[in-house]
Amino acid sequence: MALKEELGRLANDGSVRCVVIAAEGRAFCAGHDLKQMRANPDKAYYQELFTRCARVMQAIVELPVPVIARVQGIATAAGCQLVASCDLAVAARSARFAVSGINAGLFCSTPAVALSRNVARKRAMEMLLTGEFIDADTAHDWGLVNRVADDDALDAAVDELTASICAKSAVAVRTGKAMFQRQLQMPLEEAYAFAGEVMACNMMAEDAGEGIDAFIEKRAPHWRHR
Amino acid sequence: MALKEELGRLANDGSVRCVVIAAEGRAFCAGHDLKQMRANPDKAYYQELFTRCARVMQAIVELPVPVIARVQGIATAAGCQLVASCDLAVAARSARFAVSGINAGLFCSTPAVALSRNVARKRAMEMLLTGEFIDADTAHDWGLVNRVADDDALDAAVDELTASICAKSAVAVRTGKAMFQRQLQMPLEEAYAFAGEVMACNMMAEDAGEGIDAFIEKRAPHWRHR
Amino acid sequence: MALKEELGRLANDGSVRCVVIAAEGRAFCAGHDLKQMRANPDKAYYQELFTRCARVMQAIVELPVPVIARVQGIATAAGCQLVASCDLAVAARSARFAVSGINAGLFCSTPAVALSRNVARKRAMEMLLTGEFIDADTAHDWGLVNRVADDDALDAAVDELTASICAKSAVAVRTGKAMFQRQLQMPLEEAYAFAGEVMACNMMAEDAGEGIDAFIEKRAPHWRHR
């Protein structure tokens, strides 16, 4: 899958600061190609397909830099999962979200994993069981997307967010992305032990020294990104 | 307990598609009978009582089909827990929710388990410590209920939701209900492995083939519910 | 650290019913003293510092009575973590919240632990990566604070909440605070077993008998707080 390979390449590129997943055309992503799925009616094929798809989603979570979904049109099934799997998401006001596999007799089980870790469980369950769309404002209200912009201002809104992240120290951003995702799965005490260790390491980076000096001296920091 | 037995019966009835828990009278459920509790001042009795009640709540979570709470009037203590334990909930606009045991010197500990898995923790804590009611719109805003309807439109709102679920393939709905609840408790990687396996199985069901064919052919699917 | 010692003292004082963490001056808490941190550029020093800070936060979680943050001005970095770590929070309308370490090249890793257990993950991630402030109404909307009051009514709002808690049975409140925090980290079945046991013990307290009798007799309870 092209996205998986691209993510692999990006993971090894130390100069990357932030990744935006965007789509050409009218839709963000409508999920799997159902014709292709139906043409291979074999369980081993499906297992391999869903495993591969889940690996892409986990590759986003594990990518060393933040990933932002830029959502226009519809994001359905694995497309909605993709939005949920990103660290941040910006949606056009006309964008809509659904986990609509249930309409085709196929409950969106893998999308449910990502969705239920983004929004309250009854909301996720309603989307999964009814297959109905929610609009961008509802997705924002529920925490599935961070920001909603008028359609013609979508790029500007994404740019504002990426500019904010790129203005930060790369070492601090990479440190944070990795620690945030890992600590989510830990009990409180373990999470604090891990976070304290990560933060002490972060303090030893050149940029933390520079950033704190700049703060104290009331000037802009000059990042060396290490 | 009548509800527990009924749930046991429903769990074994393959023709059931969806369950609505509704109450006659003015209140949805006001929790335990305090007079009865007080008449048996014995710890073993209470342990047995709360264990039995917790089993009912878990039976809802484990039921093979979705359970919808239809809430009118008040849902307090174990009644609020019942709403939180259902997969979905529809409330009348005049409905109110509280975990009010604290007013009687009895912190709603078992309701807290379900409530804190539905709403943000500070909100759950406020309800549990103050015993105060929240109204239906607040419950909706917090994710405790899915939909709020005018009192005289409550049945219509519940019917709309059940009709949506009953229009789906039973095998897909049952697959989804079970997988959703289980994956919630897993770390991300394990959840994806489980969900991928479940989804591959779902693809082998007759209904998934029919549903995808219908989607491709732009016609309504004819479910065989298997 | 003064707060840690004070919490230790409060933990052993059986007469304490509820704790309010408030600050003098214009800000609630702006986190660590960056000058002091920078003056000790040693990893072992930082590890010790963050470990100590994390212990204060966990001491709040483990305190036998509820802890309320009274927030005016800004709550940044460890100050925002402090709000997130409290059981409840009341904010002045002009209060603002940020995890702004990223601006100084230091990702707020330990604050992320508390924040991500209070608000939806994409919202926490946005605050952590951008370092931007959210206002009190947004914090309320996201579940980071329970109540927002006009600045000149902040004390009245805090008083209302503490009065509500102090009007309850101390044994029920202490029982609840401890059980709530512990059950959050358990799988559902284990949480119910634990909660059922706690609730049966709570029923054996004098206050539960008195509270239920008062409820049945439609009179105010006379707590003995045991």
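Please refer to the structure higher up on the page.
Each chain carries its own residue numbering, running from 1 in the written order of its sequence. Both sets of labels track the order of writing: A upward for chains, 1 upward for ligands. For a predicted model such as this one, the threshold for reporting local features is a pLDDT of at least 70, and the threshold for listing and counting side-chain atom pairs is 80 or more; totals across whole chains, interfaces and linings nevertheless cover every residue.

S.K.: Could you give me a rundown of the overall build of chain A, with the residues and numbers involved?
M.R.: Looking only at helices and strands, one finds 11 helices and seven strands in chain A. A compact globule built from 226 residues should have a C-alpha radius of gyration of about 17 Å, and chain A, at 19 Å, falls within 12% of that. Exposure classes come from backbone-placed C-beta atoms, where a residue is buried if 20 or more other C-beta atoms lie within 10 Å of its own, exposed if 12 or fewer do, and partly exposed in between. A buried classification covers 54% of the 226 residues belonging to chain A. Strands are runs of DSSP state E lasting at least two residues, helices are runs of H or I lasting at least four, and both sets are numbered from the N terminus onward. With the radius of gyration taken over C-alpha atoms, the globule rule is written as 2.2 Å times the number of residues to the power 0.38.

S.K.: Give me the lowdown on the sheet that holds strand S3 (residues 74–76) of chain C, citing residues and values where you can.
M.R.: The strands making up a sheet are joined through hydrogen bonds of the backbone, oriented either antiparallel or parallel. Residue and element names in this part refer to chain C. Reading across the sheet, the three strands line up as S3-S5-S6 and stay open at both edges, with mixed pairing between neighbours. Here the strands that pair on one side only, and so sit at the sheet edges, are S3 and strand S6 (134–135). Of the strands in this sheet, S3 and strand S5 (96–98) are in contact with helix H4 (residues 78–85), which crosses S3 at around 95°. Pairing between two strands requires that DSSP report at least two bridges joining them. Here the contact rule is simple: place C-beta atoms from the backbone, and any two residues whose C-beta atoms are within 7 Å are in contact. The axes are straight lines fitted to the C-alpha atoms, using for helices just the contacting stretch, and the angles between their N-to-C directions are given from 0 to 180°.

S.K.: Kindly report on the pairing of strand S4 (residues 88–92) of chain A, identifying the contributing residues and their values.
M.R.: All names here are of chain A. Among the five residues of S4, five are classified as buried, and the element is accordingly described as predominantly covered. Judged by which residues are buried, S4 turns out to be covered on both faces: Leu 88, Val 90 and Ala 92 on one side and Ala 89 and Ala 91 on the other are all buried. Note: strand S2 (residues 67–71) against S4, four bridges, orientation parallel. Of the residues in S4, the one forming a bridge with Val 71 is Ala 91. Pairing geometry for S4 and strand S7 (residues 147–149), over three bridges, is parallel. By the bridge assignment, Val 90 is partnered in S7 with Arg 147.

S.K.: An account of the packing of helix H9 (residues 170–183) of chain A against helix H10 (residues 188–203) of chain A is requested, with residue identities and associated values reported.
M.R.: Residue and element names in this part refer to chain A. Running from amino to carboxyl end, H9 crosses H10 at an angle of 175°, the nearest separation of the two axes being 10 Å. In terms of their interaxial angle, H9 and H10 are classed as roughly antiparallel. Of the residues in H10, those touching H9 at Ala 172, Thr 175, Met 179, Arg 182 and Gln 183 are Ala 191, Phe 194, Ala 195, Val 198 and Asn 202. Throughout this entry, Asp, Glu, Lys and Arg are counted as charged residues, while Ala, Val, Leu, Ile, Met, Phe, Trp, Tyr, Cys and Pro are counted as nonpolar. The remaining residues, Gly among them, count as polar. A class-by-class count of the residues in the contact of H9 with H10 yields six nonpolar, three polar and one charged. Here the word oblique covers every angle except those under 35 degrees (roughly parallel), over 145 (roughly antiparallel) and from 65 to 115 (roughly perpendicular).

S.K.: Just give me the short version of the sheet that holds strand S3 (residues 74–76) of chain A, but keep the residues and values in it.
M.R.: Residue and element names in this part refer to chain A. Here we have three strands laid out as an open sheet, ordered S3-S5-S6, and mixed in their pairing. What marks the edges here is a single partner per strand, and that holds for S3 and strand S6 (134–135). As paired strands, strand S5 (residues 96–98) and S6 are joined by two bridges and run antiparallel to one another. Note on S6: the bridge partner recorded for Phe 97 is Ile 134. Across the face of the sheet, helix H4 (residues 78–85) comes into contact with S3 and S5 while running at roughly 95° to S3.

S.K.: Can you explain the relation of the copies chain B and chain A? Please cite residues and give values.
M.R.: Least squares is the method used to superpose the copies, on C-alpha atoms of residues holding a pLDDT of at least 70 in both. In the superposition of chain B on chain A (RMSD 0.0 Å, axial shift 0.0 Å), the rotation amounts to 120°. Expressed as an axis order, the relation between the two copies is that of a three-fold axis.

S.K.: How would you sum up the nonpolar core? Please name residues and give values.
M.R.: A set of buried residues qualifies as a nonpolar core if it consists of Ala, Val, Leu, Ile, Met, Phe, Trp, Tyr and Cys joined through C-beta atoms within 7 Å. Within the largest apolar cluster, 243 residues are counted, with the highest numbers of intra-cluster contacts made by Val83(A), Val83(B) and Val83(C). With nine residues, the single largest contributor to this core is helix H3 (residues 43–62) of chain C. Apart from the residues within four sequence positions on either side, Val83(C) is in contact with Ala69(C), Val71(C), Ala75(C), Ala89(C), Phe97(C), Leu144(C) and Val145(C).

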